[in-house]
Amino acid sequence: MERSKLVAIITGAISVILAIAYLILVQLLDYRDMKPAPISQFDQTPAIISVFWQVDKITEV
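About the cut-offs
- Residues numbered from 1 in each chain as written.
- Predicted model: local features only at pLDDT ≥ 70, side-chain atom pairs only at ≥ 80, totals over all residues.
- Heavy atoms only, no water.
- Helix = DSSP H or I, 4+ residues; strand = E, 2+ residues; numbered from the N terminus.
- Buried < 20%, exposed > 50% of the residue type's maximum accessible area, 1.4 Å probe, protein only.
- Areas by Shrake-Rupley, 256 points an atom, 1.4 Å probe, with all protein chains shown as cover.
- UniProt positions renumbered as here; feature names shortened; annotations may be inferred.
- Patch = residues over 30% accessible without salt bridge, like charges linked within 9 Å, V, L, I, M, F, W, Y side chains within 5 Å.
- Salt bridge = Lys/Arg side-chain N within 4 Å of Asp/Glu carboxyl O.

Per an unreviewed UniProt entry, the protein chain is named Glucose-inhibited division protein A, and its organism is Nostoc commune NIES-4072.

Caption draft 1: View of the overall build of the protein chain. Along the backbone of the protein chain there are 1 helix and 0 strands. Per-residue burial over the protein chain gives 0% buried out of 61 residues. For the protein chain, the accessible area works out to roughly 7000 Å², and carbon and sulfur atoms hold 65% of it.

Caption draft 2: Quick peek at the UniProt feature "transmembrane region" (unreviewed entry) in the protein chain. The UniProt entry lists residues 6–25 under the feature "transmembrane region" (unreviewed entry), expressed in the numbering used here. Counting secondary structure, residues 6–25 comes out at 100% helix and 0% strand; the distance between its end C-alpha atoms is 29 Å.

Caption draft 3: Layout of a nonpolar patch on the surface. A cluster of nonpolar side chains, Met1, Leu6, Ile9, Ile10, Ile14 and Leu18, forms an exposed patch at the surface whose accessible area comes to about 650 Å². Structurally, isoleucine 10 can be placed in helix α1 (residues 3–30).

What follows is the structure, given as structure tokens:
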């Protein structure tokens, strides 16, 4: 078997193994119970801050 074919087979096998490991990891993370944070942890009221800058034209005399 030529070296390039062997490298291609090994690279393909590594790719398939990584893809399967990724799918397993995604499934494990998907099965976790993800509960939202309780409302009591948000003590501060939201604030909106607006900043407006106005630059006047400077004319040279």
